[in-house]
Each structure stands twice: as C-alpha cells, then as structure tokens.
Amino acid sequence: FGRFIMKIALLLVTSRLVNGYVGQNVTLPCSYESQSEVAACWNRGELSLRHCKNLLISSDGHKVVEATRASSRYQLLGRLDKGDVSLTILNLTEADAGQYGCRVEIPGWFNDEQHYITLHEISIRT
C-alpha cells in the first residue's frame with residue numbers, strides 16, 4: 001500500500017466594518033500578497049465555496065472584467081498589479097448597507113482568500 005499524506009487546508013477569512021455616508025464614496029478594503037497577479041471578485045452577501053454568486057465586479061489580475069460589472073457605481077481603483085482589489089462604491093445610498101465579500105483566487109487547492117466587509121451605519125452627513 002502506498003503512503004498517503006493528508007494536507008489540511010486553511011482558508012484565509014477576514015472580516016471588517018466600514019462606515020459610509022449617503023452621497024459619498026466609500027472604499028471597502030481587499031488586498032493580497034502573491035508572487036503574481038491573480039483574479040479576484042466582489043460579491044454582495046456570503047461568498048460560495050468556489051466563486052462569487054452575487055457578483056458585483058471582478059478582475060482578471062490585470063484589469064476589470066467589464067462584463068462582470070453590475071453597475072458603474074462599482075469601481076476597482078487600486079493598483080491591481082500590486083494586489084489592491086479594494087472596491088469603491090460611488091454615491092452611496094442607504095440600500096448599499098450590508099455585507100460584501102471579496103474572493104482572491106490564489107492558485108492551488110483551497111488557497112483562495114475570503115475577505116468580508118460589512119458596510120454599516122450609512123447615514124446622511126450633517
């Protein structure tokens with residue numbers, strides 16, 4: 001019988017709270033450290049095990065995949081080539097409050113990173 005090696009994979013999951021104001025722009029942070037540029041996607045709500053099911057926007061590692069952009073209000077303005085895939089939401093509304101997920105597709109089995117950001121306390125700035 002051959003020797004079997006079992007590897008336990010740990011999925012990196014982080015969570016943060018971000019506050020925003022109606023009519024302003026807000027940036028939800030997401031970045032990764034990798035030797036190469038990798039694909040990433042943003043999701044509204046919980047991420048699935050393999051992809052973004054409520055897709056808002058995605059990147060192929062070099063540029064935004066325009067066909068995936070759900071609204072022109074969703075922007076990836078960071079340095080994609082440096083691992084900054086933070087989501088900027090333009091002109092916030094109260095309906096934007098809630099949970100967002102960023103999935104970074106690190107090559108290899110079970111290496112993906114999941115970052116959850118709760119956009120909270122969206123209020124009118126006085």
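Every chain is numbered independently, its residues counted from 1 as its sequence is written. Whole-chain, interface and lining totals are the exception, using all residues; otherwise, since this is a predicted model, local features are given only for residues with pLDDT of at least 70 and side-chain atom pairs are given and counted only at 80 or more. For side-chain calculations, the full set of non-hydrogen atoms in the structure is used, while hydrogens and water are omitted.

Per an unreviewed UniProt entry, the chain is named Ig-like domain-containing protein, and its organism is Takifugu rubripes. UniProt positions are given in the numbering used here, feature names are shortened, and annotations may be inferred rather than shown by experiment. UniProt, in the comment section headed Subcellular location (unreviewed entry), describes the chain in these words: "Membrane". Entered under Sequence similarities (unreviewed entry) in the UniProt record, the comment concerning the chain runs "Belongs to the immunoglobulin superfamily. TIM family."

Peer 1: Please explain the environment of Glu-33 as it appears in this structure.
Peer 2: Numbering goes from the N terminus for both helices and strands, where a helix is a DSSP run of H or I of at least four residues and a strand is a run of E of at least two. With respect to the helices and strands, the residue Glu-33 is situated in the loop between strand 2 (26-28) and strand 3 (40-44). For each residue, the accessible area found with a 1.4 Å probe, counting protein chains only, is set against the maximum for its type, and the residue is called buried under 20%, exposed over 50%, and partly exposed in between. Judged by its relative accessible area of 79%, Glu-33 is exposed. Between the C-alpha atoms of Glu-33 and Ile-106, which are 73 residues apart in sequence, the distance is 9.5 Å.

Peer 1: How do you make sense of the pattern of salt bridges when you look at a structure like this?
Peer 2: Should the charged atoms of two oppositely charged side chains come close, the side chains can pair. Every case where a carboxyl oxygen of Asp or Glu lies within 4 Å of a side-chain nitrogen of Lys or Arg is listed as a salt bridge. What the rule picks out here adds up to five salt bridges. Of the charged contacts, one joins Arg-69 and Glu-66 as a salt bridge, the two residues approaching to 2.6 Å between their closest N and O atoms. Arg-79 is the partner of Asp-81 in a salt bridge, and the nearest nitrogen-oxygen pair spans 2.8 Å. Residue Asp-81 is classed as partly exposed on the basis of its relative accessible area of 40%. Looking at Arg-79, the relative accessible area reads 49%, which means it is partly exposed.

Peer 1: What should I look at first to understand the state of the cysteines in this one?
Peer 2: Where two cysteines share a covalent bond between their sulfur atoms, that bond is called a disulfide. We call a pair of cysteine sulfur atoms a disulfide whenever their separation is within 2.5 Å. Under the definition given, this model contains two disulfides. Here Cys-30 connects covalently by a disulfide to Cys-102, the sulfurs 2.0 Å from one another. Judged by the sign of its S-S torsion, about -70 degrees, the cystine formed by Cys-30 and Cys-102 is left-handed. Of this pair, Cys-30 sits in the loop between strand 2 and strand 3 while Cys-102 sits in strand 7 (residues 98-104), and the two are 72 residues apart along the sequence. Judged by relative accessible area, which is 0%, Cys-102 ranks as buried. Residue Cys-41 pairs covalently with Cys-52 via a disulfide, S to S 2.0 Å. The chirality of the disulfide connecting Cys-41 with Cys-52 is right-handed, given an S-S dihedral of about 85 degrees. In this pair, Cys-41 is assigned in strand 3 and Cys-52 in the loop between strand 3 and strand 4 (55-59), connecting sequence segments 11 residues apart. With relative accessibility at 5%, the residue Cys-41 sits in the buried group.

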